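Structure assessment
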Amino acid sequence: MGQFLGTHANRLDSKGRVSVPAAFRTALASFDTGELILRPSHKWPCIEAWPEPAFRDFASRLDHFDAFSDEHDDLAVALFSDAQSAAPDAEGRIVLNERLTEFAQLVAGKPVAFVGFGKIFLIWEPALAQEYLPQSVARARERGLTVPRDARA
């Protein structure tokens, strides 16, 4: 499977359409899907864009909760209630619904930042990305965070 790498910019049009960067469309194809699941981020004021198979795998972890427990129900609502399915059209555009654009503070006619995040990508209002993302890098450096060693090695 591919990974979403780098930061790219495109413009949101008046119909809520934005072109997914070509590099991200190529990475999406490596997941054997053209479908994305878009949802508001739990952590930041941006939109998470998941390849459908990766989202399905991630969401299957809800099965670890009792089916009717508050934990299951609360997390299910958080994951699915504001999510939408989207597939790039022939020009590579996806449509962002009004709830997602409002959540991420995206404005028609203005730039949108696509930020690679490994298995997913994030869609940001560029000024907010410039505010939040450097803080993550700084915290990782301050804590001396590194990628854990592979337990199989």
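Preceding this section is the structure that the text describes.
Residues numbered from 1 in each chain as written. Predicted model: local features only at pLDDT ≥ 70, side-chain atom pairs only at ≥ 80, totals over all residues. Heavy atoms only, no water.

**A short note on helix 3 (residues 70-80)**
- Those residues of helix 3 lying buried are His72, Ala76 and Leu79. End-on, the buried residues of helix 3 take up no more than an arc of 70°, which puts them together on one face. Away from its buried face by more than 90 degrees, helix 3 exposes Asp70, Asp74 and Val77.
- Among the structural elements, strand 3 (36-40) and helix 2 (52-59) are those in contact with the buried residues of helix 3. (Buried < 20%, exposed > 50% of the residue type's maximum accessible area, 1.4 Å probe, protein only. Helix = DSSP H or I, 4+ residues; strand = E, 2+ residues; numbered from the N terminus. Arc of directions from axis to C-beta. Contact = heavy atoms within 4.5 Å.)

**Describing helix 5 (residues 126-143)**
- Taking 1.5 Å as the rise per residue, helix 5 with 18 residues should run 26 Å; its terminal C-alpha atoms sit 26 Å apart, in good agreement.
- If you check the start of helix 5, you find a side-chain oxygen 3.0 Å away from the backbone N of Ala127, and it comes from Glu125.
- Once helix 5 finishes, Gly144 follows within two positions and takes phi at roughly 65°, a positive value. (Expected span 1.5 Å × (residues − 1). Polar contact = N/O pair within 3.5 Å; in protein donor to acceptor, adjacent residues only side chain to side chain.)

**Remarks on the pattern of salt bridges**
- Using the criterion set out here, one finds six salt bridges in the structure.
- Residues Arg56 and Glu52 are paired through a salt bridge, measuring 2.7 Å at the closest nitrogen-oxygen approach. One end of the pair, Arg56, and the other, Glu52, are both in helix 2, four residues apart, so they sit about a helical turn from each other.
- We note a salt bridge from Glu91 to Arg93, for which the minimum N-O separation is 3.0 Å.
- We classify Glu91 as partly exposed; its relative accessible area is 49%.
- Given a relative accessible area of 22%, Arg93 falls into the partly exposed group.
- Connected via shared salt-bridge partners are Asp89, Glu91 and Arg93. (Salt bridge = Lys/Arg side-chain N within 4 Å of Asp/Glu carboxyl O.)

**As for the nonpolar core**
- Residues Leu38, Ile94, Leu96, Phe121, Ile123 and Trp124 are the most contacted members of the largest nonpolar core, which totals 36 residues.
- Broken down by secondary-structure element, the contributors of at least two residues to this core are helix 1 (22-29), strand 3, strand 4 (47-51), helix 2, strand 7 (111-117), strand 8 (120-124) and helix 5.
- The leading source of residues in this core is strand 8, at five residues.
- For Ile123, the contacting residues outside a window of four places in its chain are Cys46, Ile47, Ile94, Leu96, Ala104, Leu106, Val112, Ala113 and Phe114. (Core = buried A, V, L, I, M, F, W, Y, C linked by side-chain atoms within 4.5 Å.)

**Considerations on the sheet that holds strand 7**
- Strand order across the open sheet formed by six strands is 1-7-8-4-3-5, with antiparallel pairing between neighbours. Two strands lie at the open edges of the sheet, namely strand 1 (7-11) and strand 5 (84-86), each paired on one side alone. Going from strand to strand, the sheet's axes swing by 30° on average, the running direction of each strand aside.
- As defined by bridge partners, strand 1 adjoins strand 7 across five bridges and the pair is classed as antiparallel. Bridge pairing in strand 7 places Arg11 opposite Pro111.
- Docked against the sheet, helix 5 engages strand 7 and strand 8, running at close to 120° with respect to strand 8. (Pairing = 2+ DSSP bridges. Axes fitted to C-alpha atoms, helices over the stretch in contact; angles between N-to-C directions.)

This is a description of form; function is not addressed.
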